[in-house]
Every structure is written in structure tokens, then in C-alpha cells.
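Spelled out from the first residue to the last, the chains are:
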Amino acid sequence: MLENPGKDEDFSHELIRLADIFNALGKCWVCNTDIVRSDALAAAIVDHYGLEGDEADEASEALERAISDSDVEVGDWEDPSVCSYHGNVIRRDD
Ligand SMILES: [Zn+2]
């Protein structure tokens, strides 16, 4: 499924499903949006396939890139418990 993403929407949907399976799915506590933890998901997939060394590095890099290029929410860069939108909102309120 990762090899052939097809439509972006399907890919995002698959990513969220995968993240759920690999315990790498969170939710924004403000708006309940699904948040895919790209680093956690990449690490879990690499681990699942037993990759090591350079292979593991390349795979997780490619996975993280694919995830951040997709339409899925990966959370705020500073506070991963909120989506990127609410991360900005919260920072603005400080
Ligand atoms: Zn949110």
C-alpha cells in the first residue's frame, strides 16, 4: 500500500490506519483531529520489517518524507499533542 499510494486521500487514510495499528496515532486535544506521529510510525515500520543500519535509516527517512508530504496531520512541531493549526493558535495566545 505504501508503494502505490494512488489518490492522496486514500494514502492519507491508509497512513492513519497504519499509525493506529502501530500505536503512532494521536489526536489534537482541541479539535480531535487524527495526528500521525511520523517519527514513531517510521520507527515502528522499520522495526516491523527488521531493518538495520543504512537500510533502516533510508527507510525511515523515506517514510517520514512520504508522511510529511501527504495530507495527514503530523501535529505541531513544538507540541505534538495538538495539530499544527492549534499549535499556532496556542502560541499566539501566550
Ligand atoms: Zn486541532
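Keep in mind the model is a prediction, meaning the values are calculated, not measured.

A. Seen up close, the nonpolar core. Ranked by size, the top nonpolar core spans 15 residues in total, and within it Leu15, Val36, Leu41 and Ile67 carry the most contacts. Looking at this core, the elements that each hand over two or more residues are helix H1 (8–21), strand E2 (34–36), helix H2 (38–48) and helix H3 (53–69). Per element, the largest residue contribution to this core is three residues, and it comes from H1.

B. Main features of unusual backbone geometry. Within the chain, asparagine 23 stands out as a residue other than glycine whose phi angle is a positive 55°. Along the polypeptide, asparagine 23 turns up in the loop between H1 and strand E1 (25–27). With a phi angle near 70°, asparagine 32 is a residue other than glycine that sits in the positive phi range. Along the chain, the position of asparagine 32 falls in the loop between E1 and E2.

Rules used in this analysis
- Residues numbered from 1 in each chain as written.
- Predicted model: local features only at pLDDT ≥ 70, side-chain atom pairs only at ≥ 80, totals over all residues.
- Core = buried A, V, L, I, M, F, W, Y, C linked by C-beta atoms within 7 Å.
- Buried ≥ 20, exposed ≤ 12 C-beta atoms within 10 Å, placed from the backbone.
- Helix = DSSP H or I, 4+ residues; strand = E, 2+ residues; numbered from the N terminus.

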